[in-house]
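# Inside the fold
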Amino acid sequence: MQTRRRFNQLALAGLSLPAALAARAQDRRAIVLGQSAPLTGPAAQLGIQMQLGAKAYFDAVNAAGGVGGMPIVLKTLDDGYDPARCKANTEKFIQEDVFALFGYVGTPTSVAALPLVNAAKIPFIAPFTGAESLRDPFNKLVFHIRASYYDETELIVKQLTQLDLKKIAVFHQNDAYGQAGLKGVQRALEKRGLQPVAVATVERNSVDVAAALKTLVPAQAEAIVQISAYKSCAAFIREARKAGYFGQFYNVSFVGTQALADELGKDAAGIVVSQVMPSPFGTAVGLVNDYQLALHKLDPKAEPNYTSMEGYVAARVIVDGLRRLGGKLNREALIGALETLSGYESRGYRLSFSASKHTGSSFVELSMLTGDGKVKR
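By the naming in an unreviewed UniProt entry, the protein chain is ABC transporter substrate-binding protein, taken from Pelomonas candidula.

As structure tokens, this is what we get:
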């Protein structure tokens with residue numbers, strides 16, 4: 001209430017909200033980052049793992065004295081993968097004057113937050129989405145550390161057609177995320193003179209795949225590209241197999257590789273997932289080794305996975321930007337600092353930003369799940 005009263009006083013005094021926030025940005029005792037993510041519901045593992053990876057790095061930084069003597073505080077609010085809840089969380093973060101927004105999870109939720117981001121002129125760093133709507137047109141406030149869904153679906157379609165599989169169908173979530181992935185598949189197919197043989201949807205946060213089965217199974221596609229969260233994708237795979245479909249399934253990275261493997265167990269054998277992070281498994285050097293050590297220190301029982309790896313990389317990126325500010329926190333300066341970052345490289349993954357390029361990486365590779373619910377290494 002006190003914070004809100006202060007904001008009202010600033011507004012009455014004729015100072016705009018963004019200007020008021022910038023004026024206060026110099027006077028902080030901690031660097032507070034706001035994250036809206038699903039911690040409950042059918043997409044919960046995505047939010048939990050993204051948060052876990054980020055916390056592994058932030059905890060290590062704080063143990064060494066923080067940034068400029070200030071600790072980093074990651075404040076995560078559960079949105080259940082619901083755009084309205086994400087919008088409310090974002091409004092709360094802005095009212096509380098967090099320094100930046102970080103590690104949001106999902107396309108529809110990030111899209112819901114974007115107007116508030118633009119109005120408050122607050123940095124929006126490392127959203128867990130590859131949607132083009134958050135990349136084009138270029139937005140000075142938004143930084144991406146992952147490749148786009150266009151990049152992922154291009155590689156998927158390229159491999160399928162190289163295997164002479166051209167009857168390709170699409171199972172997608174009925175929202176901005178699903179539409180982004182569908183457009184990516186269509187775009188990649190059109191380049192090759194093809195189009196989907198069938199398209200079907202599932203509602204967000206639902207596992208009701210009956211209608212999609214009636215559309216896709218009779219189409220006899222050689223492969224189905226899935227653009228949804230792990231529970232609905234797993235439900236469709238299981239039911240399609242029961243209905244006699246034995247084609248290939250491909251998923252984009254947002255599905256949550258380990259979460260999908262956990263859902264499917266032995267039914268995961270042969271499922272392909274595109275990845276936008278370097279492999280987090282096995283003997284590692286550099287970035288991946290640092291991630292494994294930090295994760296083990298935070299939770300010795302935690303197993304490496306692609307989603308927490310992304311959270312860890314995202315945390316490193318924002319901290320590297322913060323360290324270039326010389327202890328004087330300013331949002332515009334943070335944007336400028338992030339635009340100078342380059343040099344991240346591990347197992348083929350490279351990241352660099354510039355003043356005109358806020359998509360740091362186009363790295364994509366394909367992985368396959370095994371019958372014991374793991375990623376083939």
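Bringing the packing of helix H12 (residues 306-323) against helix H13 (residues 331-338) into the picture now. Remark: H12 packs on H13, axes separated minimally by 8 Å, with the N-to-C direction vectors making an angle of 115°. Considered as vectors, H12 and H13 are oriented roughly perpendicular to each other. In this structure, H12 crosses over H13, and the sense of that crossing is right-handed. Residues Val317, Ile318, Gly321 and Leu322 of H12 touch H13, and the partners they reach there are Leu334, Ala337 and Leu338. For the contact of H12 with H13, a count of residues per class yields six nonpolar, one polar and no charged.

What follows is about the side chain of Thr307. Relative to the helices and strands, Thr307 resides in helix H12. Residue class for Thr307 comes out buried when judged on its relative accessible area of 6%. When sequence neighbours within four positions are dropped, the list of residues in contact with Thr307 reads Leu46, Gln49, Met50, Phe128 and Gly256.

Its location among the elements puts Ser253 in the loop between strand S9 (248-251) and helix H10 (257-264). Ignoring sequence-local partners within four residues, the contact set of Ser253 consists of Phe128, Arg146, Glu152, Val273, Ser274, Gln275 and Val276.

It is worth spelling out the nonpolar core at this point. The biggest cluster of nonpolar side chains holds 124 residues, and the ones touching the most others in it are Ile145, Phe236, Leu260 and Leu322. With 10 residues, H12 is the single largest residue contributor to this core. Apart from the residues within four sequence positions on either side, Leu260 is in contact with Tyr230, Cys233, Ala234, Asn251, Val255, Ile271, Val273 and Leu369.

Before going further, it helps to spend a moment on the pairing of strand S2 (residues 72-78). By the bridge criterion, seven bridges tie strand S1 (residues 31-37) to S2 in an arrangement that is parallel. Note on S2: the bridge partner recorded for Ile31 is Ile72. Handedness of the β-α-β unit built from S1, helix H3 (residues 44-63) and S2 comes out right-handed.

A few words on unusual backbone geometry. The step from Asp136 to Pro137 runs through a cis peptide bond, and the omega angle for that step is 10°. Relative to the helices and strands, Pro137 is located in the loop between strand S4 (124-125) and strand S5 (142-143). The backbone of Lys121 shows a phi angle near 55°, a positive value even though the residue is not glycine. Secondary-structure assignment places Lys121 in the loop between helix H5 (107-120) and S4. Under the relative-accessibility criterion, Lys121 is labelled exposed at 51%. Despite not being glycine, Ala126 shows a phi value in the positive range, around 60°. Residue position: Ala126 is located in the loop between S4 and S5. The class for Ala126 is buried, based on a relative accessible area of 0%.

With that out of the way, let us pick up the pattern of salt bridges. Going through the model one piece at a time under the given rule, you end up with 18 salt bridges. Lys140 is paired through a salt bridge with Glu339; the nearest N and O atoms lie 2.7 Å apart. Of the two residues, Lys140 sits in the loop between S4 and S5 while Glu339 sits in the loop between H13 and strand S11 (344-346), which places them 199 residues apart along the sequence. Between Lys191 and Glu154 there is a salt bridge, and its shortest N-O distance comes to 3.4 Å. Of the two residues, Lys191 sits in the loop between helix H7 (176-190) and strand S7 (198-202) while Glu154 sits in helix H6 (residues 149-162), which places them 37 residues apart along the sequence. Judged by its relative accessible area of 60%, Lys191 falls in the exposed class.

Attention now moves to helix H11 (residues 286-298). Between its first and last C-alpha atoms H11 spans 19 Å; for 13 residues at 1.5 Å apiece the expected length is 18 Å, and the two agree. Those residues of H11 that sit buried are Leu287, Val288, Tyr291, Gln292, Ala294 and Leu295. Buried residues belonging to H11 abut H3, H12, S11 and strand S12 (349-351).

A few words on the environment of Ala113. Position of Ala113 relative to the elements: it lies in helix H5. When the C-alpha atoms of Ala113 and Pro83 are compared, they prove to be 7.9 Å apart, with 30 residues separating the residues in sequence. Apart from the residues lying within four places of it in its own chain, the contact partners of Ala113 are Cys86, Thr90, Tyr104 and Phe124.

On to the sheet that holds S2. As summarised here, the arrangement of the five strands in space is S2-S1-S3-S4-S5, forming an open sheet in which the pairing is parallel. One side of each edge strand has no neighbouring strand; the edge strands of this open sheet are S2 and S5. Judged from the two bridges that link them, S4 and S5 form a sheet pairing that is parallel. Bridging across to S5, Ile125 finds its partner in Phe143. Contacts from H12 reach S1, S2, strand S3 (100-102) and S4 within the one sheet, and its direction differs from that of S3 by about 160°.

Reading the values: the criteria
- All residue numbers here refer to positions counted from 1 along the written sequence of the relevant chain.
- Whole-chain, interface and lining totals are the exception, using all residues; otherwise, since this is a predicted model, local features are given only for residues with pLDDT of at least 70 and side-chain atom pairs are given and counted only at 80 or more.
- No hydrogens and no water enter the side-chain calculation; it runs on all heavy atoms of the structure.
- To obtain each axis, a line is fitted to C-alpha atoms, and for helices this fit is confined to the stretch in contact; angles are then taken between N-to-C directions over 0 to 180 degrees.
- Working definition: helices are DSSP H or I runs of at least four residues, strands are E runs of at least two. Numbering for both runs from the N terminus.
- Angle categories: roughly parallel below 35 degrees, roughly antiparallel above 145, roughly perpendicular from 65 to 115, and oblique for all the rest.
- Two helices that cross are described as forming a left-handed crossing if the nearer one is turned anticlockwise from the farther one by less than a right angle, and a right-handed crossing if clockwise.
- The contact criterion used throughout is that any non-hydrogen atoms of two residues lie within 4.5 Å.
- By the convention adopted, Pro, Cys, Tyr, Trp, Phe, Met, Ile, Leu, Val and Ala count as nonpolar, Lys, Arg, Asp and Glu as charged, and the other residues, Gly among them, as polar.
- For every residue, the accessible area obtained with a 1.4 Å probe (protein chains only) is divided by the maximum for its type, and the residue is called buried under 20%, exposed over 50%, and partly exposed between those limits.
- Here, nonpolar core refers to any group of buried Ala, Val, Leu, Ile, Met, Phe, Trp, Tyr and Cys residues whose side-chain atoms link them within 4.5 Å.
- In this scheme, strands are said to pair when DSSP sees at least two bridges between them.
- Throughout, right-handed denotes a crossover for which the path from the first strand over the helix to the second runs clockwise when the strands point away from the viewer.
- What counts as a salt bridge is simple: a side-chain nitrogen of Lys or Arg found within 4 Å of a carboxyl oxygen of Asp or Glu.
- To estimate the expected span of a helix, count its residues, drop one, and scale the result by 1.5 Å.

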